[in-house]
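Inside the fold
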Amino acid sequence: MAQTPIWKSIQDTLSADIANGHYAQGDKLPTEAELSKRFGVNRHTVRRALSEMAANGTVHSRRGAGVFVASRPTDYPIGRRVRFHQNLSDQGRLPAKQILRLETRLPDAREAEALRLNDGDQVHVYEGISLADDSPVALFKSVFPATRLPQMLVDLAETKSVTQALARGGVHDYTRAETRLTAKLATATQALNLRIQDGAPILRTQSINIDTDGVPVEFGLTWFAGDRISLVITPDG
């Protein structure tokens, strides 16, 4: 009879510990060194067990922080008004954003069409990582008409809030005109930023936000980590 690999035995034991409530959602597991001592194995064996648990969605790692028991996915409403900070705060999570890129450039064909731009018009691009309780939950790219919102990048750098930056530019209310959902597999770069495995399932939204006159003010793409966010469709939200 084949012997169970040691790493698999460690995985089963730690999974049972979690199932039995020894570690709750969001709790940090012991370090690799501590687990190596507990099970009498080297760190490579422990790392293999933790890697398999991460692939199964039982735990997730935070670079420089450790390995944590996976939390229940956060509900994220998609309706007429989609506000990142409000959505996360309503779920009892602490929202934050990390800026990856701020630049002004010419739009591609898809961006120009979505924002109804004329030839030669430029756009402001805001790319970053959305976090909940310091854990990355999504990557985003927001594109804005540069002529209408000349100070958008400055305002975004200061506030890290699309809603506040738009308000500074004179857009005091906006609603979602369109959202398209597409299932994807994470690229190596996306996986690195989201702290998930390369090829893990993610959900991409493509959206257009309009002002009270129906004029587009934002074209956005967001890639959500599939095990951390549950998109909830709320047509009248």
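As a reminder, the structure under discussion sits directly above these lines.
Figured I'd write up the structure that's included with this text. The model shown is predicted, which means the values in this text are computed figures rather than measured ones.

**A closer look at the overall build of the protein chain**
The helix and strand inventory of the protein chain stands at 8 helices and 10 strands. Considering only C-alpha atoms, the protein chain reaches an extent of 70 × 35 × 30 Å along its principal axes. Taking all 237 residues of the protein chain together, the buried fraction comes to 44%. Excluding contacts between residues fewer than 6 apart, the proportion of contacts in the protein chain whose partners are at least 24 apart in sequence is 59%. With 29 positive and 27 negative side-chain charges, the protein chain shows a spacing of 5 Å between the two charge centroids.

**Quick word on the side chain of N87**
Turning to its location among the elements, N87 is positioned in helix 4 (residues 84-90). For N87, a relative accessible area of 7% corresponds to the buried category. Here P77 takes part through its backbone oxygen, which lies 3.2 Å from a polar atom of the side chain of N87. Filtering out sequence-adjacent residues up to four positions away, N87 remains in contact with Y76, P77 and V82.

**What to know about helix 1 (residues 6-19)**
Its 14 residues give helix 1 an end-to-end C-alpha distance of 20 Å, which sits within 8% of 20 Å, the value for a rise of 1.5 Å per residue. Within the sequence span of helix 1, burial applies to W7, I10, Q11, L14, D17 and I18. Looking straight down helix 1, one finds that the buried residues subtend no more than 125° of arc, so they occupy a single side. Immediately downstream of helix 1, the backbone of G21 shows phi near 85°, a positive value.

**Here we look at the sheet that holds strand 8 (residues 201-210)**
Taken in spatial order, the 6 strands line up as 4-5-6-9-8-7 in an open sheet, and their pairing is antiparallel. Each having just a single partner strand, strand 4 (95-105) and strand 7 (175-185) make up the two edges of the open sheet. Each adjacent strand pair in this sheet contributes to an overall mean axis angle of 15°, direction not counted. Across 10 bridges, the pairing between strand 4 and strand 5 (residues 123-132) is antiparallel. Across the sheet, residue T104 finds its bridge partner in strand 5, namely H124. Relative to strand 4, helix 6 (residues 152-159) is tilted by about 160°, and along the sheet it contacts strand 4, strand 5 and strand 6 (135-145).

What counts, and where the lines are drawn
- All chains use their own residue numbering, which begins from 1 and follows the written sequence.
- Local features in this predicted model are restricted to residues whose pLDDT is 70 or higher, and side-chain atom pairs enter the listing and the counts only when it is 80 or higher, whereas totals over whole chains, interfaces and linings include all residues.
- Heavy atoms throughout the structure, all of them, feed into the side-chain values; hydrogens and water do not.
- Only DSSP runs of H or I reaching four residues or more are called helices, and only runs of E reaching two or more are called strands; each is numbered from the N terminus.
- Any residue under 20% of the maximum accessible area for its type is buried, any over 50% is exposed, and the rest in between are partly exposed; the area is computed with a 1.4 Å probe on protein chains only.
- By definition in these notes, contact holds between two residues if any of their heavy atoms fall within 4.5 Å.
- Positive charge is attributed to Lys and Arg, negative charge to Asp and Glu, and no charge count is given to His or to the chain ends.
- Taken as the charge centre is NZ of Lys, CZ of Arg, CG of Asp or CD of Glu, depending on the residue.
- Distance and chemistry together define a polar contact, namely a pair of N or O atoms within 3.5 Å, with one atom able to donate a hydrogen and the other to accept it when in protein, and with adjacent residues in sequence counting only for side-chain atoms on both sides.
- Expected helix span is taken as 1.5 Å per residue step, with the number of steps being one fewer than the number of residues.
- What the arc covers is the set of directions going from the helix axis to the C-beta atoms.
- For two strands to be treated as a pair, DSSP must find at least two bridges joining them.
- Note on method: axes are straight lines fitted to C-alpha atoms, helices fitted across the in-contact stretch only, with angles between N-to-C directions ranging 0 to 180 degrees.

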